[in-house]
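What follows is each chain in one-letter form.
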Amino acid sequence: MRVTFLGTGAATACPLVFCRCPVCRAGWERGGKDLRRRSSALIGEDTLIDLGPDIMSAAFAFGVDIGQVRYCLQTHAHSDHFDAGHLITRLPEYAVRDLLPLTICASPQTIERMSSRLALEEEGATLLDKTWQRRLSLTVRPMEHGDTEVLGARRVTAVESAHDISGGSLLWVVEEKGSAFLYATDTVRLTDRALSLFHDRGLTFDAAAIDHTYGPGTPGGGHLCADEVTEEISRLREAGCLAPHCRLLATHLSHEGMLPHREMSQYARSKGYGIAWDGMRIEI
Ligand SMILES: [Zn+2]
Ligand SMILES: [Zn+2]
Ligand SMILES: [Zn+2]
C-alpha cells in the first residue's frame, strides 16, 4: 500500500499567514519540507483521506491525479479537512468530463455538516437526498465506530476520535494485502474503545500517522503535542497494536512550540518517530 501525504499542516497551514515566529520564518527561508499544506493523504491512486482545501495545490506540486479518486474517507468536516467547493464542481453545470463515481465514507454527523457547507456553495444542495447525490455522481456511506467497508482493493474501518465529539470525528484504519495503516488526525488521547477495537480485531499497524499539532511542552486543545504523541505511541505499543517495524509519522503540525522540520525530525528520531512532510510517499 502506498501512502502519499498531500498535506501535513494543521488548520493554520505553516507558515501562518501573519506570523513572523522562528518556525514560520524558517518556512519562508528554507521552503521545501518547512511548507505545510492543510492535512490530507492519498492511499494508492483511488482513495483520499479528507477532501481538504489544499489538495489541488498538492496535486500541482506532486503530480498526483485527484480525478482518479473513487473513495473519500472523511475524518470530520472542519474547514482544514473539507472544502465543499471541490464537491460542487461535480455538478453537471461545471462540465467535468469522465467523472468517476465517488463514495464518501464519514460519520452521520460529519455528513450533516458537510451537507450544510455544500448548501452555502450552491443553494439547496445537500448530501442527504438521492437526487442531489445523483447530480453529484456520488454515494454516501455513513459509518460509525467499528464499522468496516470493503472499498476496491482495501478494507477500511472507522474508529472514534475524541476530537470534536459532537462533530463525529473519525480516525481511519486502511488495510490492503495484509498491511495495516492507521490515520489518526485530528485526535486527542486515543479512547479506550479505540484501543479495544484494535486489540479485538487483532490489528497490528505497519504504519501510523498521528496528530502532532503542537511541539514539546506545549499542550493545547483538541490535539496532541509532541510529549503526548510519545505517550500515545507507548500506549499503542503496550496494547500490542504496533508491528516491530511500524513506521510512526507525525502529521497535522502547526507552529506552537515547534522547531523547523530538520530540527523537529532530530527531536522526533530520539523519541522513535518521524515527521511527515508534504509530498512524502511511503510504501507499507
Ligand atoms: Zn485539523
Ligand atoms: Zn509562527
Ligand atoms: Zn479538526
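Small disclaimer: the values here were computed from a predicted structure and weren't measured. Think of each chain on its own: its residues are numbered from 1, step by step along the sequence as written. Ligands are numbered from 1 and chains lettered from A, in the order in which they are written. Whole-chain, interface and lining totals are the exception, using all residues; otherwise, since this is a predicted model, local features are given only for residues with pLDDT of at least 70 and side-chain atom pairs are given and counted only at 80 or more.

Asker: Explain the pairing of strand β10 (residues 179-184) here, please?
Answerer: For a regular strand, the rule is simple: side chains alternate between the two faces of the sheet. Remark: C-beta atoms are placed from the backbone, and a residue is labelled buried if 20 or more other C-beta atoms sit within 10 Å of its own, exposed if 12 or fewer do, or partly exposed between those counts. In DSSP terms, a helix is any run of H or I states spanning at least four residues, a strand is any run of E spanning at least two, and both are numbered starting from the N terminus. Within β10, five of the six residues are buried, which leaves it mostly tucked inside the rest of the structure. Judged from the five bridges that link them, strand β9 (residues 170-176) and β10 form a sheet pairing that is antiparallel. Bridge assignment links Val173 to a residue of β10, and that residue is Leu182. Any two strands are treated as partners once DSSP identifies two or more bridges connecting them. Here β10 pairs with strand β11 (residues 205-211) via four bridges, running parallel. Pairing of Leu182 across the sheet is with Ala208, part of β11. When the strands point away from the viewer, a crossover counts as right-handed if the route from the first strand across the helix to the second turns clockwise. The handedness of the β10 to β11 crossover, carried by helix α6 (residues 192-200), is right-handed.

Asker: Explanation requested: the environment of Thr8 in the structure shown.
Answerer: In this structure, Thr8 sits in the loop between β1 (2-7) and α1 (22-30). Along the chain, Thr8 and Met280 lie 272 residues apart, while their C-alpha atoms are 9.4 Å from each other. Two residues qualify as being in contact provided that their C-beta atoms, derived from the backbone, are within 7 Å of each other. Those residues in contact with Thr8 that lie beyond four places of it in its chain are Arg36, Ser39, Thr251, His252, Leu253, Ala276, Trp277 and Asp278.

Asker: Mind showing me how you'd approach the pairing of strand β8 (residues 154-160) here?
Answerer: Counting buried positions along β8 gives six out of seven residues, so the element sits mostly inside the fold. Looking at chain direction, strand β7 (residues 148-151) and β8 are connected through four bridges and run antiparallel. From the neighbouring strand, Val150 faces β8, where its bridge partner is Arg155. Here β7 folds back onto β8 in antiparallel fashion, the turn holding two residues, of which Gly152 has a positive phi close to 60 degrees. Taken together, the six bridges between β8 and β9 define a ladder with antiparallel strand orientation.

Asker: What exactly am I supposed to notice about helix α4 (residues 108-121) here?
Answerer: Residues spaced three or four apart along an α-helix face the same direction, because each turn holds 3.6 residues. A helix is expected to span 1.5 Å for every residue after the first. For α4, with 14 residues, the first-to-last C-alpha span of 20 Å sits near the 20 Å given by 1.5 Å per residue. Listed in full, the buried residues belonging to α4 are Thr110, Ile111, Arg113, Met114 and Leu118. Looking straight down α4, one finds that the buried residues subtend no more than 165 degrees of arc, so they occupy a single side. Throughout, the arc means the angular range of directions from the helix axis out to the C-beta atoms.

Asker: Looking at this model, I keep getting lost on the sheet that holds strand β3 (residues 47-49). Mind explaining?
Answerer: Across a sheet, paired strands are connected by hydrogen bonds in the backbone, their directions being either parallel or antiparallel. Pairing within the open sheet is mixed, and its seven strands lie in the order β6-β5-β4-β3-β2-β1-β14. Two strands close off the open sheet at either side, each with one partner strand: β6 (138-142) and β14 (281-283). Between one strand and the next, the sheet's axes are offset by a mean angle of 20 degrees, whatever the strand orientation. Judged from the three bridges that link them, strand β4 (residues 71-73) and strand β5 (residues 102-106) form a sheet pairing that is parallel. Bridging from a neighbouring strand, Leu73 pairs with Cys105 of β5. Where helices are involved, their axes are fitted lines through C-alpha atoms of the stretch in contact, as for all axes, and angles between N-to-C directions lie from 0 to 180°.

Asker: Whenever I open this one, the environment of Ser166 confuses me. Can you help?
Answerer: Relative to the elements of secondary structure, Ser166 occurs in the loop between β8 and β9. Along the chain, Ser166 and Thr110 lie 56 residues apart, while their C-alpha atoms are 9.2 Å from each other.

Asker: How do you make sense of the sheet that holds β9 when you look at a structure like this?
Answerer: One open sheet holds the seven strands; their spatial order is β7-β8-β9-β10-β11-β12-β13, and the pairing between them is mixed. Either end of the sheet is taken by a strand with one partner, and the two such strands are β7 and β13 (274-275). Docked against the sheet, helix α7 (residues 226-238) engages β11 and β12 (242-251), running at close to 155 degrees with respect to β12.

Asker: Whenever I open this one, helix α8 (residues 261-271) confuses me. Can you help?
Answerer: Within the span of α8, buried status applies to His261, Met264 and Ala268. Viewed end-on, α8 has its buried residues packed into an arc of 65 degrees, placing them on one side of the element. Opposite its buried face, α8 presents the exposed residues Gln266, Arg269 and Ser270, each directed more than 90 degrees away. Contacts from the buried residues of α8 go to β12 and β13. Of the residues flanking the end of α8, it is Gly272, one or two places downstream, whose phi is positive at about 90 degrees.

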